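Given next are the chains, with one letter for each unit.
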Amino acid sequence: MSRPFINLNAGDPDVEAPKCVTDAVLDALKKGGRWTHYAGSEIPQRFREAVVDYYKTFGPEYKPENVIPTAGSSAALYVALATILERGDEVLLFEPSYSGHYRLLGNMGVKMSIAPLKKGTGFHTDLDILEEYVNPETKAVLVCNPNNPTGTVFTERELRGIGEIASDHDMVIFSDEIYLHFIYDDNKFTSTASLDGLQDRTLNIMSFSKTFSMTGYRLGYVIAPDRYVEKATTVAAMTAPRPATFVYAGGTAALRKGMPYVEERRLAYDERRKYFCDAVNDIEGLGCRRFEGAFYAWFDMGSLGMSSVDFVNGLMEQENVRVRPGKLFGLNTDDHVRVPLVQPVPVLKEAAERIERFVESL
Ligand SMILES: Cc1ncc(COP(=O)(O)O)c(C=O)c1O
């Protein structure tokens with residue numbers, strides 16, 4: 001294959017972390033001493049304080065103890081889920097959803113009740129039927145806001161509706177908010193914990209991976225309400241990988257000084273979104289709306305009469321472009337394909353042209 005490979009598989013940003021982060025981490029490494037030994041209490045404490053100040057900008061107020069640092073949000077997800085759930089419990093979640101959510105729950109032996117985010121509602125919840133997905137064993141609901149792969153930014157009304165069901169059935173809410181800064185057009189991010197009465201039943205799952213392009217640093221955290229702090233802290237200490245000591249320096253710098261960088265990234269993703277979604281939407285046989293949040297194009301190829309896996313394999317074979325089949329994101333999602341917009345516009349333009357050529361060849 002002579003054409004250069006275009007990798008649009010994982011949601012791994014194409015740029016480096018902000019300079020304030022690399023400077024802080026390099027500085028910590030050069031200093032050595034406490035920065036290159038076990039973290040102790042002071043360094044994580046400063047990080048926790050930065051998280052508390054940061055998250056306050058979305059409404060809810062926490063104490064540093066409510067923040068449990070982890071090695072990425074993959075570990076944060078595990079800590080949050082393992083704090084609340086036992087084998088045989090059930091969780092309500094939505095489809096399409098991030099494949100890691102299904103994988104983790106499946107491996108923990110947790111049952112899943114899966115409510116659809118339908119194309120017809122722009123991948124939003126149908127609150128009128130949502131309660132039908134709740135059973136006596138349903139202990140919690142997992143919301144990914146904004147959602148990977150559909151980009152759904154849950155409205156305040158939706159979150160209140162989900163919160164009401166959670167309160168009526170005494171369910172915990174897991175709120176995976178790792179894309180919260182990437183919101184476009186008139187959409188607005190609402191912190192679930194900021195809504196009346198929900199802070200006490202919400203565990204936030206947070207990450208530096210996407211916000212600050214820090215996937216390889218492995219830094220994330222859980223924010224747990226008071227009643228779950230002790231258990232979550234124990235679960236994290238006993239089972240989950242924790243951040244490297246010098247990485248805390250990068251995280252604290254990111255939260256204190258990195259916000260202009262985040263807005264630059266948001267604008268770049270917005271430009272890519274407008275270009276790529278419209279370009280794919282113009283291809284005969286495909287449909288792609290501009291998504292509301294996160295950074296994934298989620299396009300409909302159902303009219304082609306083939307599975308998403310065959311589409312993705314064919315595109316790779318003929319055009320050397322790697323994207324991810326919708327099948328991985330749910331049980332009824334084989335008619336879509338996911339494309340993370342983690343390449344600049346000229347590369348996305350080349351990718352869209354190759355996708356068009358592939359579709360025309362069918
Ligand atoms: C919704 C969601 N949650 C969690 C993660 C895990 O990210 P990390 O472990 O890098 O923080 C991802 C990664 O793509 C994701 O999309």
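Analysis parameters
- Residues numbered from 1 in each chain as written.
- Predicted model: local features only at pLDDT ≥ 70, side-chain atom pairs only at ≥ 80, totals over all residues.
- Helix = DSSP H or I, 4+ residues; strand = E, 2+ residues; numbered from the N terminus.
- Expected span 1.5 Å × (residues − 1).
- Buried ≥ 20, exposed ≤ 12 C-beta atoms within 10 Å, placed from the backbone.
- Contact = placed C-beta atoms within 7 Å.
- Pairing = 2+ DSSP bridges.
- Axes fitted to C-alpha atoms, helices over the stretch in contact; angles between N-to-C directions.
- Domains from an automatic or database assignment.
- Nonpolar A, V, L, I, M, F, W, Y, C, P; charged D, E, K, R; others polar.

*Asks:* Mind showing me how you'd approach helix α8 (residues 245-257) here?
*Replies:* Side chains that are three or four residues apart share a direction in an α-helix, a result of its 3.6 residues per turn. With 13 residues, α8 extends 19 Å between its outermost C-alpha atoms, agreeing within 8% with the 18 Å of an ideal straight helix rising 1.5 Å per residue. Within α8, 10 of the 13 residues are buried, which leaves the element mostly enclosed by the surrounding structure. Residues F246, V247, Y248, A249, G250, G251, T252, A253, A254 and L255 constitute the buried set of α8. At its buried positions, α8 is contacted by α1 (19-31) and α2 (42-56).

*Asks:* Even after reading the chapter, I still don't get the sheet that holds strand β3 (residues 90-95), so can you show me in this structure?
*Replies:* Hydrogen bonds between backbone groups are what pair the strands of a sheet, and the pairing can be parallel or antiparallel. With mixed pairing, the 7 strands of this open sheet are ordered in space as β2-β8-β7-β6-β5-β3-β4. Strands with a single pairing partner mark the edges of an open sheet, and in this sheet they are β2 (67-70) and β4 (111-116). Taking each pair of neighbouring strands and ignoring which way they run, the sheet shows an average axis angle of 20°. For β3 and strand β5 (residues 138-144), the ladder comprises 4 bridges, and the chain directions are parallel.

*Asks:* I would appreciate a short explanation of the domain arrangement of the chain in the present structure.
*Replies:* Accessible area lost during the coming together of the parts is what is often quoted as the interface size. Looking at the chain, the domain boundaries give domain 1 (6-15 + 260-361) and domain 2 (24-257). A straight line from the C-alpha centre of domain 1 to that of domain 2 covers 26 Å. Counting from both sides, the interface comprises 26 residues of domain 1 and, opposite them, 25 residues of domain 2. Secondary structure elements with two or more residues in the side of domain 1 that touches domain 2: α9 (259-281) and β9 (296-300). It is α9 that provides the largest number of residues to the side of domain 1 that touches domain 2, a total of 6 residues. In terms of residue class, the side of domain 1 that touches domain 2 is made up of 13 nonpolar, 6 polar and 7 charged.

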